[in-house]
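Next come the chains, spelled out residue by residue.
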Amino acid sequence: MVRSAAPWNSPSNCTHCIPGARRARSRALADAAFAEFAAKGKVLRAERQLYRSDNVRIDVLLHATPIRDQTEKVIASRSIWSDITELKRAERKLEEQARELARSNAELQEFAYVASHDLQEPLRKIIAFTDRFRATVGELDEKPADYLDRVQNASERMQRLID
């Protein structure tokens, strides 16, 4: 975390350890952040990407507060640049996991639909053949009739569960 009190129109404190072309790019990003701050004239809380001295891009959170003179003119700022790289990495990972979960749920729904459809036909056959068997055989003794009732009831319960 970098803490500074610097003139708002000279954010050099943000780029002192950044080499070469990336320093210029990071300087431009810092300049843009401070220009936005100067235009708003109030507390700024913005996420930016800068480069460390080892050329690694980092995500930072800028929080700046204006320092004003007696005429309320902004003469400097108090800024805190917080490295939120790990937070952003975790956020991206969470977003990826959410996309993967959505894809997996879609596949599961498709499977459930196909399985439901595929199970309907055998159940209809069990119910239909149980009815035909009853009609063909006619009056049954108590035990065989109980078995057929159980088959019929179980098939109908299964069909309701699938629907």
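Not measured: the values here are computed from a predicted model.

Engineer: Could you give an account of the pattern of salt bridges, with specific residues and numbers?
Structural biologist: This structure, assessed with the given rule, holds 12 salt bridges. With a shortest N-O distance of 3.8 Å, Asp59 and Arg92 are connected by a salt bridge. Residue Asp59 is found in strand E3 (residues 57-68), and its partner Arg92 is found in helix H2 (residues 85-137); the two are separated by 33 residues along the sequence. Ionic pairing is found between Arg103 and Glu107, a salt bridge with its closest N-O pair at 2.3 Å. Within this pair, Arg103 and its partner Glu107 are both found in helix H2, separated by four residues, close to a single helical turn. Among the residues examined, Arg103 registers a relative accessible area of 40% and is labelled partly exposed. Members of the salt-bridge network, linked through shared partners, are Glu47, Lys88 and Glu91.

Engineer: So what's going on with the confidence of the model for the protein chain? Which residues, and what values?
Structural biologist: Predicted coordinates in regions of low pLDDT should not be interpreted in detail. On average, the protein chain scores 79 in pLDDT, and the residues at 70 or more come to 79%. Per-element mean pLDDT across the protein chain ranges from 44 in strand E1 (residues 2-6) up to 92 in H2. The low-confidence segment residues 1-21 (pLDDT under 50) makes 46 contacts with residues lying over four places distant or belonging to another chain.

Engineer: Account for H2, with residues named and values stated.
Structural biologist: Taking 1.5 Å as the rise per residue, H2 with 53 residues should run 78 Å; its terminal C-alpha atoms sit 77 Å apart, in good agreement. Along H2, the residues classified as buried are Thr85, Lys88, Gln120, Leu123, Ile127 and Thr130. Downstream of H2 by one or two residues, Gly138 has phi in the positive range, about 85°.

Engineer: Please provide a residue-by-residue account of the packing of H2 against helix H3 (residues 142-162), values included.
Structural biologist: One way to put it is that H2 packs onto H3 with a least axis distance of 10 Å and a crossing angle of 155°. Regarding the angle of H2 to H3, the classification is roughly antiparallel. Crossing hand, H2 versus H3: left-handed. Residue-level contacts link Ser116, Leu119, Gln120, Leu123, Arg124, Ile126, Ile127, Thr130, Asp131, Phe133 and Arg134 of H2 to Ala145, Leu148, Asp149, Val151, Gln152, Ser155, Glu156, Met158, Gln159 and Ile162 of H3. Grouping the amino acids of the contact of H2 with H3 by side-chain chemistry returns 10 nonpolar, six polar and five charged.

Engineer: Let's hear about unusual backbone geometry: which residues, and what values?
Structural biologist: Most peptide bonds take the trans configuration, and most residues that are not glycine carry a negative phi. Notably, Asn55 is not glycine yet its phi reads approximately 65°, a positive angle. Within the secondary structure, Asn55 is located in the loop between strand E2 (44-51) and E3. You will see that Glu72, though not glycine, has its phi angle at about 70°, which is positive. If you trace the backbone, Glu72 turns up in the loop between E3 and strand E4 (74-83). In this structure Glu72 comes out as exposed when scored by relative accessible area, which is 52%.

Engineer: Please provide a residue-by-residue account of the nonpolar core, values included.
Structural biologist: Formed by Phe37, Leu50, Ile58, Val60, Leu62, Ala64, Val74 and Trp81, the largest nonpolar core amounts to eight residues. Those elements that place two or more of their residues in this core are E3 and E4. Among the elements that line this core, the one with the most residues is E3, at four residues. With residues near it in sequence (within four places) discarded, Val60 still touches Ala46, Glu47, Arg48, Leu50, Trp81, Ser82, Asp83 and Ile84.

Engineer: Before we move on, could you go through H3 and cite the residues and values that matter?
Structural biologist: A rise of 1.5 Å per residue sets the reference length of H3, with its 21 residues, at 30 Å; its end C-alpha atoms lie 30 Å apart and thus fit the reference within 8%. Within H3 the residues assigned to the buried category are Ala145, Leu148, Gln152, Ser155, Gln159 and Ile162. The buried residues of H3 occupy one face: seen down the axis, they fall within an arc of 125°. Opposite the buried face of H3, by more than 90 degrees, sit the exposed residues Glu142, Lys143, Arg150, Arg160 and Leu161.

About the criteria used
- Residues numbered from 1 in each chain as written.
- Predicted model: local features only at pLDDT ≥ 70, side-chain atom pairs only at ≥ 80, totals over all residues.
- Heavy atoms only, no water.
- Salt bridge = Lys/Arg side-chain N within 4 Å of Asp/Glu carboxyl O.
- Helix = DSSP H or I, 4+ residues; strand = E, 2+ residues; numbered from the N terminus.
- Buried < 20%, exposed > 50% of the residue type's maximum accessible area, 1.4 Å probe, protein only.
- pLDDT = per-residue confidence, 0-100.
- Contact = heavy atoms within 4.5 Å.
- Expected span 1.5 Å × (residues − 1).
- Axes fitted to C-alpha atoms, helices over the stretch in contact; angles between N-to-C directions.
- Parallel < 35°, antiparallel > 145°, perpendicular 65-115°, else oblique.
- Left-handed = near helix turned anticlockwise from the far one by under 90°.
- Nonpolar A, V, L, I, M, F, W, Y, C, P; charged D, E, K, R; others polar.
- Core = buried A, V, L, I, M, F, W, Y, C linked by side-chain atoms within 4.5 Å.
- Arc of directions from axis to C-beta.

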